[in-house]
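# Reading the structure
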Amino acid sequence: MKRILSAILSVAMAASLVACGSSQSHSSAPADTPAPSVPAESAADAPDDKLTFGLVVMSTNSDYWLTLKDGAQEAVDAIGGELVFTGPADNNDIQGQVSLMENLINSKVDAILLTPLDSDALAAPVEKAMDAGIPVIVIDSAVNTDKYTSFIATDNVAGGRMAMERLIESIGGSGEVVVVNALAGIPSNDARGQGAEEYAATVDGVTVLPQQHCLDQAEAMTATENVIIGNPNLKGIFATFNRGALGAAQAIVSKGKAGEIKMVAFDADADEIKLLEDGTIDALVVQQPYEMGKIGIEYAVKALNGEEVPKTVAPEVVIATKDNMNDEAIHKVLYPKG
(Lines give C-alpha, C1' and ligand atoms only; values in the text may rest on other atoms or scores of the structure.)
Protein backbone atom coordinates (compact mmCIF):
# COMPACT_ATOMS: atom_id res chain seq x y z
CA MET A 1 0.00 0.00 0.00
CA LYS A 2 1.44 3.34 -0.96
CA ARG A 3 2.08 6.02 1.66
CA ILE A 4 -1.20 7.52 2.85
CA LEU A 5 -1.59 11.23 2.40
CA SER A 6 -2.21 13.13 5.59
CA ALA A 7 -4.49 15.62 3.89
CA ILE A 8 -8.16 14.70 3.70
CA LEU A 9 -10.96 16.18 1.73
CA SER A 10 -13.38 18.83 2.98
CA VAL A 11 -16.61 17.60 4.48
CA ALA A 12 -18.55 20.49 2.95
CA MET A 13 -21.20 18.33 1.37
CA ALA A 14 -21.61 15.98 4.33
CA ALA A 15 -24.41 18.13 5.73
CA SER A 16 -26.60 17.26 2.75
CA LEU A 17 -26.02 13.53 3.14
CA VAL A 18 -28.29 12.00 5.76
CA ALA A 19 -27.05 8.80 7.44
CA CYS A 20 -29.84 6.23 7.51
CA GLY A 21 -30.88 2.81 6.31
CA SER A 22 -31.43 2.48 2.56
CA SER A 23 -32.82 0.12 -0.05
CA GLN A 24 -31.26 0.00 -3.37
CA SER A 25 -29.79 2.50 -11.87
CA HIS A 26 -29.43 4.03 -14.45
CA SER A 27 -28.80 3.10 -17.90
CA SER A 28 -26.93 3.86 -21.00
CA ALA A 29 -26.39 6.75 -23.38
CA PRO A 30 -24.75 6.34 -26.80
CA ALA A 31 -21.18 5.09 -26.47
CA ASP A 32 -18.25 6.98 -27.93
CA THR A 33 -15.61 4.46 -26.89
CA PRO A 34 -15.66 0.93 -25.47
CA ALA A 35 -15.32 0.44 -21.74
CA PRO A 36 -11.66 0.62 -20.77
CA SER A 37 -9.88 -2.29 -19.16
CA VAL A 38 -7.65 -1.76 -16.13
CA PRO A 39 -4.00 -2.47 -16.94
CA ALA A 40 -2.17 -4.25 -14.12
CA GLU A 41 0.51 -1.57 -14.02
CA SER A 42 -1.91 1.39 -13.73
CA ALA A 43 -1.70 1.54 -9.93
CA ALA A 44 1.69 -0.06 -9.45
CA ASP A 45 3.44 2.55 -11.61
CA ALA A 46 2.00 5.51 -9.72
CA PRO A 47 4.41 7.48 -7.51
CA ASP A 48 4.58 6.20 -3.93
CA ASP A 49 3.05 9.39 -2.55
CA LYS A 50 0.05 9.34 -4.87
CA LEU A 51 -3.15 7.57 -3.86
CA THR A 52 -4.86 5.62 -6.63
CA PHE A 53 -8.62 5.08 -6.58
CA GLY A 54 -10.60 2.68 -8.75
CA LEU A 55 -14.14 3.61 -9.79
CA VAL A 56 -16.19 0.77 -11.26
CA VAL A 57 -19.61 1.84 -12.57
CA MET A 58 -22.56 -0.10 -13.97
CA SER A 59 -22.06 1.27 -17.47
CA THR A 60 -19.51 3.65 -18.95
CA ASN A 61 -22.18 4.67 -21.49
CA SER A 62 -24.35 6.51 -18.97
CA ASP A 63 -24.55 10.24 -18.38
CA TYR A 64 -25.46 9.49 -14.77
CA TRP A 65 -22.31 7.53 -14.07
CA LEU A 66 -20.18 10.05 -15.94
CA THR A 67 -21.54 12.72 -13.58
CA LEU A 68 -20.57 10.54 -10.62
CA LYS A 69 -17.11 10.19 -12.17
CA ASP A 70 -16.80 13.99 -12.45
CA GLY A 71 -17.52 14.37 -8.74
CA ALA A 72 -15.00 11.68 -7.84
CA GLN A 73 -12.42 13.23 -10.17
CA GLU A 74 -12.78 16.64 -8.52
CA ALA A 75 -12.14 15.07 -5.13
CA VAL A 76 -9.17 13.05 -6.37
CA ASP A 77 -7.62 16.08 -8.08
CA ALA A 78 -7.90 18.04 -4.84
CA ILE A 79 -5.44 15.65 -3.15
CA GLY A 80 -3.21 15.03 -6.17
CA GLY A 81 -4.35 11.45 -6.57
CA GLU A 82 -5.17 9.27 -9.55
CA LEU A 83 -8.59 7.94 -10.59
CA VAL A 84 -8.92 4.76 -12.64
CA PHE A 85 -12.43 4.91 -14.16
CA THR A 86 -13.84 1.74 -15.65
CA GLY A 87 -16.94 -0.41 -16.06
CA PRO A 88 -18.73 -2.54 -18.63
CA ALA A 89 -20.20 -0.89 -21.71
CA ASP A 90 -23.70 -2.21 -20.96
CA ASN A 91 -25.55 -2.42 -17.67
CA ASN A 92 -26.18 -6.17 -18.05
CA ASP A 93 -22.53 -7.30 -18.08
CA ILE A 94 -22.29 -8.55 -14.51
CA GLN A 95 -19.32 -10.84 -15.13
CA GLY A 96 -17.48 -8.00 -16.85
CA GLN A 97 -17.88 -5.90 -13.72
CA VAL A 98 -16.61 -8.77 -11.56
CA SER A 99 -13.51 -9.08 -13.77
CA LEU A 100 -12.81 -5.35 -13.54
CA MET A 101 -12.97 -5.55 -9.75
CA GLU A 102 -10.45 -8.40 -9.83
CA ASN A 103 -8.15 -6.32 -12.06
CA LEU A 104 -8.22 -3.40 -9.63
CA ILE A 105 -7.50 -5.65 -6.66
CA ASN A 106 -4.56 -7.24 -8.49
CA SER A 107 -3.33 -3.76 -9.41
CA LYS A 108 -3.19 -2.92 -5.70
CA VAL A 109 -5.14 0.32 -5.92
CA ASP A 110 -5.53 2.12 -2.60
CA ALA A 111 -9.35 2.16 -2.56
CA ILE A 112 -12.32 1.27 -4.77
CA LEU A 113 -15.67 2.93 -5.41
CA LEU A 114 -18.20 0.46 -6.84
CA THR A 115 -21.74 0.76 -8.23
CA PRO A 116 -22.65 -2.95 -8.33
CA LEU A 117 -24.81 -4.46 -11.06
CA ASP A 118 -25.72 -7.48 -8.94
CA SER A 119 -25.92 -7.77 -5.16
CA ASP A 120 -24.81 -11.40 -5.04
CA ALA A 121 -22.18 -11.54 -7.80
CA LEU A 122 -20.27 -8.48 -6.56
CA ALA A 123 -20.25 -9.52 -2.89
CA ALA A 124 -17.21 -11.81 -3.23
CA PRO A 125 -15.02 -9.23 -5.05
CA VAL A 126 -15.91 -6.63 -2.42
CA GLU A 127 -14.93 -9.02 0.36
CA LYS A 128 -11.70 -9.91 -1.47
CA ALA A 129 -10.75 -6.25 -1.74
CA MET A 130 -11.47 -5.61 1.93
CA ASP A 131 -9.44 -8.68 2.92
CA ALA A 132 -6.55 -7.23 0.87
CA GLY A 133 -6.73 -4.00 2.87
CA ILE A 134 -8.45 -2.02 0.11
CA PRO A 135 -11.40 0.05 1.41
CA VAL A 136 -14.52 -0.31 -0.75
CA ILE A 137 -17.17 2.41 -0.96
CA VAL A 138 -20.35 0.90 -2.41
CA ILE A 139 -22.54 3.43 -4.23
CA ASP A 140 -26.16 3.31 -5.46
CA SER A 141 -26.93 -0.42 -5.09
CA ALA A 142 -26.30 -2.79 -2.23
CA VAL A 143 -24.08 -5.87 -2.07
CA ASN A 144 -25.05 -8.92 -0.04
CA THR A 145 -22.26 -8.65 2.49
CA ASP A 146 -21.52 -6.43 5.47
CA LYS A 147 -17.79 -6.37 4.66
CA TYR A 148 -17.50 -2.96 3.00
CA THR A 149 -16.37 0.46 4.22
CA SER A 150 -19.44 2.58 3.48
CA PHE A 151 -22.64 2.44 1.45
CA ILE A 152 -23.85 5.65 -0.22
CA ALA A 153 -27.23 5.43 -1.93
CA THR A 154 -30.54 7.12 -2.46
CA ASP A 155 -33.39 5.48 -0.57
CA ASN A 156 -34.83 4.12 -3.80
CA VAL A 157 -38.01 2.64 -2.33
CA ALA A 158 -38.86 6.06 -0.91
CA GLY A 159 -37.87 7.66 -4.23
CA GLY A 160 -40.20 5.35 -6.12
CA ARG A 161 -43.06 6.22 -3.80
CA MET A 162 -42.31 9.92 -4.24
CA ALA A 163 -42.32 9.56 -8.03
CA MET A 164 -45.63 7.67 -8.10
CA GLU A 165 -47.25 10.14 -5.73
CA ARG A 166 -46.28 12.96 -8.09
CA LEU A 167 -47.46 11.02 -11.14
CA ILE A 168 -50.87 10.27 -9.62
CA GLU A 169 -51.25 13.94 -8.75
CA SER A 170 -50.38 14.83 -12.37
CA ILE A 171 -53.04 12.50 -13.82
CA GLY A 172 -55.76 13.86 -11.55
CA GLY A 173 -55.80 11.11 -8.93
CA SER A 174 -57.01 8.10 -10.91
CA GLY A 175 -56.39 6.09 -14.07
CA GLU A 176 -54.02 3.55 -15.60
CA VAL A 177 -50.27 3.95 -15.08
CA VAL A 178 -47.21 1.91 -15.98
CA VAL A 179 -43.64 1.65 -14.68
CA VAL A 180 -40.93 1.55 -17.36
CA ASN A 181 -38.02 -0.06 -15.54
CA ALA A 182 -34.49 -1.27 -16.23
CA LEU A 183 -33.70 -4.97 -16.50
CA ALA A 184 -34.89 -6.92 -13.47
CA GLY A 185 -32.15 -7.66 -10.96
CA ILE A 186 -30.56 -4.20 -10.66
CA PRO A 187 -31.28 -3.48 -6.98
CA SER A 188 -31.74 0.30 -7.22
CA ASN A 189 -34.23 0.10 -10.08
CA ASP A 190 -36.06 -2.85 -8.58
CA ALA A 191 -36.50 -0.81 -5.41
CA ARG A 192 -37.91 2.18 -7.32
CA GLY A 193 -40.47 -0.02 -9.03
CA GLN A 194 -41.35 -1.60 -5.70
CA GLY A 195 -41.86 1.75 -4.00
CA ALA A 196 -43.96 3.06 -6.90
CA GLU A 197 -46.27 0.05 -6.92
CA GLU A 198 -46.59 0.05 -3.13
CA TYR A 199 -47.75 3.66 -3.16
CA ALA A 200 -50.14 3.16 -6.09
CA ALA A 201 -51.77 0.26 -4.25
CA THR A 202 -52.86 2.69 -1.52
CA VAL A 203 -54.76 4.95 -3.93
CA ASP A 204 -58.29 4.02 -4.99
CA GLY A 205 -58.96 4.36 -8.70
CA VAL A 206 -55.36 3.79 -9.82
CA THR A 207 -54.55 0.71 -11.91
CA VAL A 208 -50.89 -0.27 -12.36
CA LEU A 209 -50.17 -2.19 -15.55
CA PRO A 210 -47.36 -4.80 -15.64
CA GLN A 211 -43.88 -3.32 -15.38
CA GLN A 212 -41.88 -3.01 -18.58
CA HIS A 213 -38.24 -4.10 -18.16
CA CYS A 214 -35.88 -2.65 -20.76
CA LEU A 215 -32.15 -2.67 -21.43
CA ASP A 216 -31.86 0.69 -23.14
CA GLN A 217 -33.63 3.61 -24.80
CA ALA A 218 -34.63 1.68 -27.93
CA GLU A 219 -36.23 -1.12 -25.93
CA ALA A 220 -38.01 1.39 -23.70
CA MET A 221 -39.46 3.15 -26.74
CA THR A 222 -40.75 -0.09 -28.24
CA ALA A 223 -42.17 -1.36 -24.96
CA THR A 224 -43.92 1.95 -24.24
CA GLU A 225 -45.40 2.13 -27.74
CA ASN A 226 -46.83 -1.35 -27.25
CA VAL A 227 -48.32 -0.37 -23.90
CA ILE A 228 -49.91 2.75 -25.41
CA ILE A 229 -51.38 0.76 -28.31
CA GLY A 230 -52.71 -1.98 -26.02
CA ASN A 231 -54.03 0.37 -23.35
CA PRO A 232 -55.77 3.38 -24.91
CA ASN A 233 -56.76 4.68 -21.46
CA LEU A 234 -53.16 4.91 -20.21
CA LYS A 235 -52.71 8.18 -18.34
CA GLY A 236 -49.27 8.05 -16.75
CA ILE A 237 -45.75 6.62 -16.97
CA PHE A 238 -43.04 6.41 -14.33
CA ALA A 239 -39.58 5.76 -15.84
CA THR A 240 -37.09 4.55 -13.24
CA PHE A 241 -33.92 5.40 -15.22
CA ASN A 242 -32.75 8.03 -17.67
CA ARG A 243 -32.60 5.99 -20.89
CA GLY A 244 -35.99 4.49 -20.09
CA ALA A 245 -37.35 8.00 -19.72
CA LEU A 246 -36.00 9.06 -23.11
CA GLY A 247 -37.40 5.99 -24.83
CA ALA A 248 -40.80 6.41 -23.19
CA ALA A 249 -40.84 10.09 -24.16
CA GLN A 250 -40.13 9.16 -27.78
CA ALA A 251 -43.05 6.76 -27.69
CA ILE A 252 -45.40 9.37 -26.23
CA VAL A 253 -44.49 11.82 -28.98
CA SER A 254 -44.60 9.24 -31.79
CA LYS A 255 -48.08 8.17 -30.76
CA GLY A 256 -49.35 11.73 -30.57
CA LYS A 257 -49.88 11.58 -26.80
CA ALA A 258 -47.68 14.48 -25.72
CA GLY A 259 -49.48 16.43 -23.00
CA GLU A 260 -52.08 13.67 -22.69
CA ILE A 261 -49.95 10.95 -21.08
CA LYS A 262 -48.09 12.34 -18.08
CA MET A 263 -44.60 11.17 -17.15
CA VAL A 264 -42.35 11.31 -14.12
CA ALA A 265 -38.77 10.03 -14.35
CA PHE A 266 -35.67 9.47 -12.26
CA ASP A 267 -32.40 11.31 -12.93
CA ALA A 268 -31.68 14.50 -14.85
CA ASP A 269 -29.37 14.21 -17.82
CA ALA A 270 -29.32 16.97 -20.42
CA ASP A 271 -31.96 15.32 -22.63
CA GLU A 272 -34.30 14.74 -19.70
CA ILE A 273 -33.98 18.37 -18.65
CA LYS A 274 -34.94 19.46 -22.19
CA LEU A 275 -38.00 17.20 -22.03
CA LEU A 276 -38.89 18.77 -18.68
CA GLU A 277 -38.60 22.23 -20.22
CA ASP A 278 -40.86 21.38 -23.15
CA GLY A 279 -43.47 19.65 -20.98
CA THR A 280 -43.07 16.07 -22.26
CA ILE A 281 -41.81 15.11 -18.80
CA ASP A 282 -43.83 16.53 -15.92
CA ALA A 283 -41.34 15.98 -13.11
CA LEU A 284 -37.88 14.56 -12.46
CA VAL A 285 -36.79 12.81 -9.27
CA VAL A 286 -33.22 14.09 -9.12
CA GLN A 287 -30.43 12.34 -7.26
CA GLN A 288 -26.97 13.71 -6.50
CA PRO A 289 -24.40 11.52 -8.30
CA TYR A 290 -21.80 14.29 -8.40
CA GLU A 291 -21.84 14.59 -4.62
CA MET A 292 -21.90 10.80 -4.22
CA GLY A 293 -18.65 10.62 -6.17
CA LYS A 294 -17.05 13.37 -4.07
CA ILE A 295 -18.14 11.98 -0.72
CA GLY A 296 -17.11 8.46 -1.82
CA ILE A 297 -13.53 9.60 -2.36
CA GLU A 298 -13.59 11.58 0.88
CA TYR A 299 -14.68 8.51 2.85
CA ALA A 300 -12.08 6.35 1.12
CA VAL A 301 -9.32 8.76 2.18
CA LYS A 302 -10.63 8.89 5.74
CA ALA A 303 -10.68 5.09 5.88
CA LEU A 304 -7.11 4.92 4.59
CA ASN A 305 -6.12 7.30 7.40
CA GLY A 306 -7.72 5.04 9.97
CA GLU A 307 -10.73 7.26 10.61
CA GLU A 308 -14.27 5.98 11.04
CA VAL A 309 -16.86 6.81 8.38
CA PRO A 310 -20.64 6.29 8.36
CA LYS A 311 -21.61 2.77 7.37
CA THR A 312 -24.69 3.96 5.45
CA VAL A 313 -25.48 7.37 3.91
CA ALA A 314 -28.63 8.36 2.01
CA PRO A 315 -28.30 11.59 -0.02
CA GLU A 316 -31.44 13.63 -0.44
CA VAL A 317 -33.40 13.72 -3.70
CA VAL A 318 -35.45 16.63 -5.04
CA ILE A 319 -38.46 16.91 -7.33
CA ALA A 320 -37.74 19.19 -10.29
CA THR A 321 -40.57 20.62 -12.38
CA LYS A 322 -40.79 23.19 -15.14
CA ASP A 323 -42.02 25.68 -12.55
CA ASN A 324 -39.25 25.23 -9.98
CA MET A 325 -36.24 24.15 -12.08
CA ASN A 326 -34.72 27.64 -11.97
CA ASP A 327 -35.03 27.99 -8.21
CA GLU A 328 -31.53 28.21 -6.76
CA ALA A 329 -31.63 24.98 -4.74
CA ILE A 330 -33.13 22.92 -7.58
CA HIS A 331 -30.89 24.46 -10.24
CA LYS A 332 -27.82 23.52 -8.20
CA VAL A 333 -28.86 19.86 -8.15
CA LEU A 334 -29.77 19.84 -11.84
CA TYR A 335 -26.46 21.46 -12.79
CA PRO A 336 -23.92 20.34 -10.16
CA LYS A 337 -20.95 21.60 -12.18
CA GLY A 338 -22.54 25.02 -12.64
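None of the values given here were measured: they were computed from a predicted structure. (Residues numbered from 1 in each chain as written. Predicted model: local features only at pLDDT ≥ 70, side-chain atom pairs only at ≥ 80, totals over all residues. Heavy atoms only, no water.)

If you tally the helices and strands in the protein chain, you get 11 helices and 14 strands. Split by element, the accessible area of the protein chain, about 13,000 Å² in all, is 48% carbon and sulfur. (Helix = DSSP H or I, 4+ residues; strand = E, 2+ residues; numbered from the N terminus. Areas by Shrake-Rupley, 256 points an atom, 1.4 Å probe, with all protein chains shown as cover.)

The next thing to look at is helix H9 (residues 270-278). Turn by turn, an α-helix covers 3.6 residues, leaving residues three or four places apart pointing in a common direction. Looking only at H9, the buried set comprises Glu-272, Ile-273, Leu-275 and Leu-276. Down the axis of H9, the buried side of the element spans an arc of 160°, and every buried residue falls inside it. Exposed residues pointing more than 90 degrees away from the buried face of H9 are listed as Ala-270 and Lys-274. Taken together, the buried residues of H9 touch helix H8 (242-254), strand E11 (262-266), strand E12 (283-286), strand E14 (318-320) and helix H11 (328-334). N-cap assignment for H9: the residue whose side-chain oxygen lies 3.1 Å from the backbone N of Asp-271 is Asp-269. (Buried < 20%, exposed > 50% of the residue type's maximum accessible area, 1.4 Å probe, protein only. Arc of directions from axis to C-beta. Contact = heavy atoms within 4.5 Å. Polar contact = N/O pair within 3.5 Å; in protein donor to acceptor, adjacent residues only side chain to side chain.)

The next point concerns unusual backbone geometry. Positive phi values are uncommon outside glycine, yet Asp-140 reaches one of about 80°. Within the element layout of this structure, Asp-140 appears in the loop between strand E5 (136-139) and strand E6 (150-152). Residues other than glycine seldom take positive phi values, yet Asp-267 does so here, at roughly 80°. Within the fold, Asp-267 resides in the loop between E11 and H9.

Below, the discussion takes up the confidence of the model for the protein chain. Per-residue confidence for the protein chain gives a mean pLDDT of 88, with 86% of residues at or over 70. Taken together, the stretch residues 1-47 has pLDDT below 50 and engages in 144 contacts with residues farther than four places along the chain or on a different chain. (pLDDT = per-residue confidence, 0-100.)

Before going further, it helps to spend a moment on the pairing of strand E3 (residues 82-86). Burial within E3 is extensive, with four of its five residues counted as buried. Of the strand pairs in this sheet, strand E2 (residues 52-56) and E3 are connected by five bridges, and their pairing is parallel. For Val-56, the partnering residue across the bridge sits in E3 and is Thr-86. (Pairing = 2+ DSSP bridges.)

Turning next to the pairing of strand E4 (residues 111-114). Alternating residues of E4 divide into Ala-111 and Leu-113 and Ile-112 and Leu-114, and every residue in both groups is buried. In this sheet, E4 lies alongside E2 in parallel orientation, the contact comprising four bridges. Within E4, the position partnered with Phe-53 by the bridge is Ala-111. Here three bridges tie E4 to E5, and the two strands are oriented parallel to one another. The residue of E5 that forms the bridge with Leu-113 is Ile-137. For the crossover that starts at E4, traverses helix H4 (residues 123-131) and ends in the parallel E5, the hand is right-handed. (Right-handed = clockwise from strand over helix to strand, strands pointing away.)

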